[in-house]
Amino acid sequence: MDRAAAVSRVEDVVATVEEETMPVPVREVWVYGDVALGLDPIERLDIYVTKDILFKDAPERAEEFQRSHGVDGVGKTVRAEWADEYPEYLRANANGHAAPEKCLAAHLLPDDGDEPVHLEVCNASFDDNVTQRLQGAMARDDYEQILDPRGACLWVDGQRSEEAFEKLRDGDFVLPTLSGALEMLGMDDGEADEAADAVRAYRERQEGATVRGDVV
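A short tour of the structure in this document, coming up. (Residues numbered from 1 in each chain as written. Predicted model: local features only at pLDDT ≥ 70, side-chain atom pairs only at ≥ 80, totals over all residues. Heavy atoms only, no water.)

### Quick look at helix α6 (residues 126-140)
The end-to-end C-alpha distance of α6, which contains 15 residues, comes to 21 Å, matching closely the 21 Å that a straight helix rising 1.5 Å per residue would cover. For α6, the set of buried residues is F126, N129, V130, R133, L134, G136 and A137. Around the axis of α6, the buried residues are gathered within 165° of arc, so they sit on the same side. Positive phi shows up at D141, right after α6, with a value of about 55°. (Helix = DSSP H or I, 4+ residues; strand = E, 2+ residues; numbered from the N terminus. Expected span 1.5 Å × (residues − 1). Buried < 20%, exposed > 50% of the residue type's maximum accessible area, 1.4 Å probe, protein only. Arc of directions from axis to C-beta.)

### Some points on the nonpolar core
Counting 30 residues, the largest nonpolar core has I47, L104 and L119 as the members making the most contacts within it. The biggest single contributor to this core is helix α1 (residues 3-19), with 6 residues. Here I47 is in contact with V10, V13, V29, W30, V31, Y32, V117, H118, L119 and E120, once residues within four sequence places are set aside. Grouped together as the second largest cluster of nonpolar side chains are 14 residues, A58, V74, A80 and W82 included. (Core = buried A, V, L, I, M, F, W, Y, C linked by side-chain atoms within 4.5 Å. Contact = heavy atoms within 4.5 Å.)

See the structure below:
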């Protein structure tokens, strides 16, 4: 994907979050990895969305949507108002329950699924999740799911950062190598190199649009 197309895709995502009802409340939109580094072209566009967990919406409507769409949990885990407005984006997990990360991906990413875009969805902020994922990876000696810490916040709590967007368009963020960034977070240099290689190898195996949901 060329850099201009990647930045345009991110702008579309932020505009959609700003202007349209979302399946769950969204607090932050970040980019990380290749696009934040200013590469052109980029192999994958990585977008991070911080969402709130929906505790109370319209649980009395859950049975209605289960009958009409075969999906449990509408009005509990995703907004009923959103499902009324965008039923075509309603997605469920393997157990038949409405999956917020899948619903967000359906709404925010292209229909064809061919673009090399990854959407990471979590209830924790980007910085907090970077730390949590890194600690878990170090404890397990399993580095594939480390979250690349080289990110830029473009939108938070309803406010778009025009300065961050300008830096993103111009490739002006000054960021270290992945192994260098991991060393800054507490890895020794050998472990950081190994972890960086594992993250890169995992990303190279991904194709088309992907989504991952995480709860911290």
